[in-house]
Amino acid sequence: MPKRLLNNRKSPPIVYYPKPIPPPDVLPLTRTTRGKEYPRLAETFTDPDPVKRKPAVRVCDQGKLAQETRLTLYKEKVKGRRKGPSTTEKKFRLMLQQEQSIVSTPKSDRARSRPLVVRMDTKMSQASSWNKLKPKSQEYAGLKWERVKTIVHNNLTSERTDERVDATKHLGLLRCGDATVIYALKERMKLDEEQRVRYEAAKSLILVGWWEDEVIQVILKYLVIGNTEVRLDLISTMIDGKNVQYVNKSINTFPELVKVLSHFCCNPDPDDQISFEASVLLGRLCVR
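Note that the coordinates shown come from a computational prediction; the quantities given were computed from them, not determined experimentally.

**Q** I'm lost on the overall build of the protein chain in this one. Help?
**A** Across its full length, the protein chain holds 14 helices and 0 strands. Scored against the burial criterion, the 288 residues of the protein chain give a buried share of 24%. Taking the contacts inside the protein chain whose residues are at least 6 apart along the sequence as the reference set, 58% of them involve residues at least 24 apart. For the protein chain, the accessible surface area stands at approximately 23400 Å², while carbon and sulfur atoms represent 55% of it.

**Q** How should I be thinking about the environment of Ile251 in this particular structure?
**A** Mapped onto the secondary structure, Ile251 falls in the loop between α12 (228-239) and α13 (254-265). Through-space distance from the C-alpha of Ile251 to that of Glu212 is 7.9 Å; in sequence the pair is 39 residues apart. Residues in contact with Ile251, not counting those within four places in the same chain, are Trp211 and Ile216.

**Q** Explain unusual backbone geometry to me, please; I cannot follow it from the model alone.
**A** At Asn243, a residue that is not glycine, the phi angle is positive and equals roughly 55°. Despite not being glycine, Cys286 has its phi angle at roughly 60°, a positive value. In this structure, Cys286 sits in the segment after α14 (273-284). Classification of Cys286 by relative accessible area gives partly exposed; the value is 47%.

**Q** It is not clear to me how the packing of aromatic side chains should be interpreted in this structure. Could you clarify?
**A** Two numbers describe a pair of aromatic rings. These are the distance of the centres and the angle of the planes. Within the structure shown, the criterion is met by 1 aromatic pair. For the ring pair Tyr199 and Tyr222, a centre distance of 5.3 Å and an interplane angle of 80° mean the geometry is edge-to-face. Here Tyr199 is found in helix α10 (residues 195-207), whereas its partner Tyr222 is found in helix α11 (residues 213-225), with 23 residues between them in sequence. The pair formed by Tyr199 and Tyr222 is uniform in burial state, with each residue classed as buried. The residue whose ring lies beneath Lys221 is Tyr222, and the NZ or CZ to ring-centre distance is 5.5 Å.

**Q** I keep staring at the nonpolar core and nothing clicks. Help me out?
**A** The tendency in soluble globular proteins is for nonpolar side chains to be buried as a group. Within the largest apolar cluster, 45 residues are counted, with the highest numbers of intra-cluster contacts made by Leu223, Ile235 and Leu261. Among the secondary structure elements, those contributing two or more residues to this core are α7 (142-155), α8 (161-174), α9 (179-191), α10, α11, α12, α13 and α14. Sort the elements by how many residues they give to this core and α11 lands first, with 7 residues. Once you skip the residues sitting within four places of it in the chain, Leu223 turns out to touch Arg231, Leu234, Ile235, Met238, Leu257, Val260 and Phe264.

**Q** Help me out: how do you make sense of α7 in this one?
**A** Owing to its 3.6 residues per turn, the α-helix brings residues three or four apart onto one side. Here α7 is 14 residues long and its end C-alpha atoms lie 19 Å apart, about the 20 Å a rise of 1.5 Å per residue gives. All of the buried residues in α7 are Trp145, Val148, Ile151, Val152 and Asn155. Along the axis of α7, the buried positions cluster into a sector of 160°, meaning they face one direction only. For α7, the exposed residues set more than 90 degrees away from the buried face come down to Leu143 and His153. In the core, the buried residues of α7 are packed alongside α8 and α9.

**Q** I would appreciate a short explanation of the confidence of the model for the protein chain in the present structure.
**A** Segments scoring low in pLDDT should not have their predicted coordinates read at a detailed level. Taken residue by residue, the protein chain gives an average pLDDT of 75. The fraction at 70 or more is 61%. For the stretch residues 116-120, pLDDT sits under 50, and the model shows 2 contacts to residues farther than four places along the chain or on other chains. Predicted confidence for residues 126-136 stays below pLDDT 50, and this span has 1 contact to residues more than four positions away or in other chains.

Rules and cut-offs
Residues numbered from 1 in each chain as written. Predicted model: local features only at pLDDT ≥ 70, side-chain atom pairs only at ≥ 80, totals over all residues. Heavy atoms only, no water. Helix = DSSP H or I, 4+ residues; strand = E, 2+ residues; numbered from the N terminus. Buried < 20%, exposed > 50% of the residue type's maximum accessible area, 1.4 Å probe, protein only. Contact = heavy atoms within 4.5 Å. Areas by Shrake-Rupley, 256 points an atom, 1.4 Å probe, with all protein chains shown as cover. Phe/Tyr/Trp six-rings, centres within 6.5 Å; stacked < 30°, edge-to-face > 60°. Lys NZ or Arg CZ within 6 Å of the ring centre and 35° of its normal. Core = buried A, V, L, I, M, F, W, Y, C linked by side-chain atoms within 4.5 Å. Expected span 1.5 Å × (residues − 1). Arc of directions from axis to C-beta. pLDDT = per-residue confidence, 0-100.

Shown next as structure tokens:
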């Protein structure tokens, strides 16, 4: 092309016309093709077309692929059964022979025939197996039970007030619900002259699961006359008490306890810790 035409702004634009894309040899299968049909339409069975149309050519003609790839499975040959007794029967016969030989020989000869080391090992194994089978109670064994007995027989009957207070508190923390412990705590709660001992004894009885009328009476007394620290201490103790969800609702003091806790919950202050703990305790007591 001459330069004058290229430099001229009024020259026509150059347009590129690509070659057209040739149609594919095999078209995709559609129901709109008039000349071919695959798969057959349901209408052809009821109202066949008088002009038979050729089926469409598959995109992938499998041919005889199914027959050519058919695999032959070889089964394992079954071995013939051998003559004579089976292996299990042989073992059973051997066991019977051993038992007969043991019964036929006297006990003294068997003991002499076995060496001393084997006899000692047998005794040790029997003892160890008995220790595994023998029932053990963690509540009445070990250092914990020894500590409980020392507290009940020595510290709880001490003349010093602080020692009795610590003893009653420790019995509740050890969570030992033995009858001796409960009797000793009830005795301290009723007969002790010191108010702190009676207070700690009532708390310990709640912790070991002794939810009786006389215990709840003492708890109610200190809930009413106590300060904020005492109330929080008692409520948290009852929350952690044993079998708190199974408290007998028919005892006389239980409705009074529910009334006091409900009164604590009526405090409009959202930051009041006592009202929150009281509501938690009511839930633990399964009160609607």
